[in-house]
Amino acid sequence: MPGTDETPEPAWPSADHDAAGENEPEGRTHELPMPKASLPEQPTMFVPKVAAPPPPRPQQQPRPQARPQSQQPQPQQPPPPRPQPQQPRQPPPAPGRIEIKPASAHAVPMRIEPTGEQHPAETKTEAEEPQREEPAERPPRRGRRAWWIAGAAVVLVVALGVVAALPYVSNRLGLPWAPNAPKADPPQPVAVSRDLAGPSTSGPAPTPAGVSQAISGAVSNPALGTLTGTVIDPVTGTTLWERNAGQPITPASTTKVLTAAAALLALDHGTQFSTKVVEGSEPGSVVLVAGGDITLSSLPDGQESVYRGAAHLDDLVAQVKEATGGNVSQVQLDLGAFSGPTSAEGWAPEDAPSTYMAPVEPAMLDGGRSVPGDDGSMRTGRPAEQLAGEFASRLGAQVASTPTTTAPQGARVLGEVKSAPLTELVDTALSISDNLLADVIARHVAIAEGAEPSFTGGAQATLDVLSRNGFDVSGVELSDGSGLSLRNKVPAKLLGELLSVAAAPDGKGDPRTAKLRPLLGGLPVAGGSGTLAERYTQAAAAEGKGWVRGKTGTIPSDGINSLAGVVLDTDGRVLVFALMTVGSQTEAGRAGLDAITATLRGCGCG
């Protein structure tokens, strides 16, 4: 208030009131200058098509304030504007007119200190809320992300380390710490020849004295019963040891060595046995003509039975369907390829059918087995009839009421399949000791020799072929080609001679050797294949495992055990042996024979 000690409050001048300051002449009117202006035209606004960033915070113009009389009012300069995005240029105001700022531009309130200093006042009107600036985008927190990345990298490295430490992984990757990593430098490469080398013929030759001394203990085993046998050097043909080798005794399945040798000498090694189908005598009928192939497979193409490389019934069916257009209503069989009884003299009644034999007929599926891939499965008692039924079923036909017939002469052939070659059939017959296949092979020898295709004809043809090729068959009796018959009698000497010729070195000049050589390939390997796969496990025989090859023969009911084959001794020389027993114990007798041949393996019998 005027007249008080307080600082006087400045009075706002008006148009009808004059106030003189202390230093001014009285009567000066304090008025704010008011420009003469007419209402401006509304300026044209150009709005860009793209969105512009939010406008900067508007600045208010300061209201005029009474200043101390000692100071002249100074024009307030607003702070420099922030850089703004380029806006479309506005047309200039018309002459004589004052540009009116948009409503967003206000005077900035000022605060006047008692000292006369002026400061912008941070005030806002109730009518106007200042626009808030959008907060600047916060930069990403790189520190936290870096920690996550570093942590993940550590975990990954640890996981890889754990995995790499596993023996299987380190072995597969060949890491230095792998359990199977080489412990030393790799050996120097060794020259390899692609030519197969035969057994040595220049090493120390075995002598009769050396062989006799080496096996003297093994051949005295009482479990062997009555032992006969021979050991031969096939390079020189020298007999190194023998015991009653000329005495014919029951050979059991070593009879198959004679049958296979006769077939290899009499037949072409590529001979295949046929099964074909021809037109029947009545419309819609077909005749399956058996050709002596008992290996025909019932399995689909691509699946193998016991007989590797066998023909498939499905193939024959497909050929017949294509040739007839599927118009087949009746099936018959022509079984004239074989004759005589289907079982041999000297067989036990339970031998056929059994797990090791079926009635011998010229056509059947899988050797009559109930399970094509199982050699020990039960055989059927009517194998040809079973084949006819299966063949008719796959054709969508029926077996005729009279199932067997003779195919019409010159009938059109509707389909034909063939067995594996003879050498492969011989391999199978010897390796798994297939009785049925051996007797069928004997019948084919009879057919080749012009003899009756029966047990009797096959046995006689076998002896005729062997005799004609220079082998002594004196005292030999055969009732079959498989060795099931107890009436068969064969001396160990004949078995030894056959195998000695087969094992003779090339170039010796014997034409029989090339024909008989496939005999050796079919012999089971000690501890490895065929009927010797489970043998040579005992200590006395273990040395022969993998080195001995031999054809086995056993008839437990009569104490018969036999073994005939070849062995490579430690000097690299091949030795041929043929060992036969009567009255021996089955298991102990087998082990005794294994021990003899294993001793021959370890023999440097020079």
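Right, let's walk through the structure included here.

Rules used throughout
- Residues numbered from 1 in each chain as written.
- Predicted model: local features only at pLDDT ≥ 70, side-chain atom pairs only at ≥ 80, totals over all residues.
- Heavy atoms only, no water.
- Patch = residues over 30% accessible without salt bridge, like charges linked within 9 Å, V, L, I, M, F, W, Y side chains within 5 Å.
- Areas by Shrake-Rupley, 256 points an atom, 1.4 Å probe, with all protein chains shown as cover.
- Salt bridge = Lys/Arg side-chain N within 4 Å of Asp/Glu carboxyl O.
- Helix = DSSP H or I, 4+ residues; strand = E, 2+ residues; numbered from the N terminus.
- Pairing = 2+ DSSP bridges.
- Disulfide = S-S within 2.5 Å.
- Buried < 20%, exposed > 50% of the residue type's maximum accessible area, 1.4 Å probe, protein only.
- Axes fitted to C-alpha atoms, helices over the stretch in contact; angles between N-to-C directions.
- Contact = heavy atoms within 4.5 Å.

1. Side note on a nonpolar patch on the surface
Piece 1. A contiguous nonpolar patch, built from V154, V158 and V162 and spanning about 260 Å² of accessible area, is present on the exposed surface.
Piece 2. Examined against the element boundaries, V154 turns out to sit in helix 1 (residues 142-165).

2. Considering the pairing of strand 5 (residues 274-279)
Regular strands place their side chains on alternate faces of the sheet.
Piece 1. Bridge count for strand 5 against strand 9 (residues 413-418) is five bridges, and the pairing is antiparallel. By the bridge assignment, V278 is partnered in strand 9 with V413.
Piece 2. Here strand 5 pairs with strand 6 (residues 285-290) via five bridges, running antiparallel. When the sheet's bridge partners are listed, V277 is paired in strand 6 with L288.
Piece 3. Between strand 5 and strand 6, which pair antiparallel and follow one another directly, the connecting turn spans five residues, one of which, G284, has a positive phi of 80 degrees.

3. Notes on unusual backbone geometry
Piece 1. The omega angle of the peptide bond from A352 to P353 is 0 degrees, so this bond is cis rather than trans.
Piece 2. One non-glycine residue, N244, lies in positive phi territory at about 45 degrees.
Piece 3. Relative to the helices and strands, N244 resides in the loop between strand 4 (238-243) and helix 4 (255-266).

4. What about the state of the cysteines?
Piece 1. If you walk through the whole model with that rule in mind, you get one disulfide.
Piece 2. Two residues share a disulfide in this structure: C603 and C605, whose sulfurs sit 0.9 Å from each other. Torsion about the S-S bond of the C603 and C605 cystine: about 130 degrees, corresponding to right-handed handedness.
Piece 3. For C605, a relative accessible area of 2% translates into the label buried.

5. Observations concerning the sheet that holds strand 9
In any sheet, the strands associate via hydrogen bonds between backbone groups, in a parallel or an antiparallel arrangement.
Piece 1. Here we have five strands laid out as an open sheet, ordered 8-7-6-5-9, and mixed in their pairing. Every other strand in the sheet has two partners, leaving strand 8 (398-404) and strand 9 as the edge strands with one partner each. Neighbour-to-neighbour, the strand axes of the sheet open up by a mean angle of 20 degrees, direction not taken into account.
Piece 2. Pairing analysis gives three bridges linking strand 7 (residues 330-334) to strand 8, with the strands arranged parallel. Bridge pairing in strand 8 places Q330 opposite Q398.
Piece 3. This element, helix 5 (residues 313-324), spans strand 5, strand 6 and strand 9 of the sheet and lies at about 165 degrees to strand 9.
Piece 4. Along the sheet, helix 6 (residues 383-395) contacts strand 5, strand 6, strand 7 and strand 8; its crossing angle with strand 7, the most-contacted strand, is approximately 150 degrees.

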